[in-house]
Amino acid sequence: MNDTSDNSSGRAAGLIPEQRREMIVRQLHKHQVLSLHQLTELLGCSHMTVRRDVAALEEKGRVYAVPGGVRIASHQLVEPSHQAKSVTELPQKRGIAAQVTPLLKPGMTVYLDAGTTTACLIPQIVALADMTVITNDFHVALALSDAPQVTVLHTGGMLDHRNGSSVGPLAAATLRELVADVAFLSTSAWDLERGVTTPSAPKVEVKRAAMAIASQRVLLATSAKYGTYGTYRVAGLDEFDLVVTDDTLSEAAVQRMREAGLALEVATAQPDAAAEPH
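Bear in mind that the values here come from a model prediction, so they are computed numbers and not experimental data. (Residues numbered from 1 in each chain as written. Predicted model: local features only at pLDDT ≥ 70, side-chain atom pairs only at ≥ 80, totals over all residues. Heavy atoms only, no water.)

Draft legend 1. Structural view of the packing of aromatic side chains. Scanning all chains against the criterion turns up one aromatic pair. When the ring of Trp 190 is compared with that of Tyr 226, the centres are 4.7 Å apart and the planes differ by 75 degrees; the resulting orientation is edge-to-face. Of this pair, Trp 190 sits in strand E11 (residues 190-191) while Tyr 226 is found in the loop between strand E13 (214-220) and strand E14 (228-229), placing the two residues 36 residues apart along the sequence. Across the pair, Tyr 226 and Trp 190 agree in class, each one buried. (Phe/Tyr/Trp six-rings, centres within 6.5 Å; stacked < 30°, edge-to-face > 60°. Helix = DSSP H or I, 4+ residues; strand = E, 2+ residues; numbered from the N terminus. Buried < 20%, exposed > 50% of the residue type's maximum accessible area, 1.4 Å probe, protein only.)

Pasting the structure below:
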C-alpha cells in the first residue's frame, strides 16, 4: 500500500476499510491527534465513514476518540513525577474525589494508593470520625500528620523517588497483614482492552496486594490517561467494583465500558481550588 501525506486528500478513495484504517493509524503516529474534519479531508470520504473506521480501531485499542477527533494509543515508558501530576487536571481530580465521597463512612479503614487523585480525598476523610488510612504515599502520610484524629499506617518499603511512594515486595508484604474496607487505586495508564497498566514493575505487586485486602476496590482515573498503556499489567477493569473518571472521556469510550458490564461513574470537574492536592 502506498504511503500518504497530509495534503493527499482523496487518495484513500476506493480503498477497502482495513486499508483506510491503517492509513488513519499511520497519520496518527505522525501527528498523535487529528480532528474528524482533517481525517475526512485526508481520506476523501464521508464523516460517517470516518466515524465507523475510528470506532473499529478503538475496539482494538489502537486509537481513542476525543471530543471532535481521535488520538493514537500511546505507550507510556516513564510515569510522570509527583510534581508534574500535582499541577495537572486538578478540577477533574477534585470532581472524581467528590463523586466517591459517599462511599466514605465514619470508622472505616481505607487504602489510599499513591497519587494526586487519591490525595484529593484527604479533606473528606479528615472530616469523619475514627478513620484509619493505609497508604504507600509519603505525601498522603505527611498531609495527614496534622490530623491526629486519623490513624495512619504507612506500608514502608523501597522508595520510589520520582513519586514519593513505597513500592516493591516489602510494601506489599505489609499490606497483606492488613484489612481495608475500601481501596482507592490510582493509575497513570488505563483502557478497556489492557486494563490498568504501569511502566514501573515494582508498583504492580503493591497495587495487587491493596486490591486483595479490600472489601471494595475503586479505581480513580482521569480521562486524559485513558488510552495510554505501560509495560506491566496490574488488573483488568472488571476486577474493580467501581471505576470513576471525569466527564471529558469520550462518549464512545463510556458506552463501550458500560456495554462491557463495568460499574462506571463519570464525575463533573470542580474548578474550586480549595481542595487542591498537596
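Text resumes after the structure shown.
Draft legend 2. Seen up close, the sheet that holds strand E12 (residues 195-198). An order of E11-E12-E15 is seen for the three strands of this open sheet, with the pairing classed as antiparallel. Of all the strands in the sheet, just E11 and strand E15 (232-235) have a single pairing partner and so form its edges. Examined bridge by bridge, E11 and E12 share two bridges and lie antiparallel to one another. From the neighbouring strand, Trp 190 faces E12, where its bridge partner is Val 196. Against the sheet, helix H9 (residues 201-213) makes contact with E12 and E15, and its axis sits at roughly 10 degrees relative to E15, the strand it touches most. (Pairing = 2+ DSSP bridges. Contact = heavy atoms within 4.5 Å. Axes fitted to C-alpha atoms, helices over the stretch in contact; angles between N-to-C directions.)

Draft legend 3. Inspection of the pairing of strand E16 (residues 242-246) at higher detail. Burial analysis of E16 places five of its five residues in the buried class, the great majority of the element. In terms of strand pairing, E13 meets E16 through three bridges, oriented parallel. For Val 218, the partnering residue across the bridge sits in E16 and is Leu 242.

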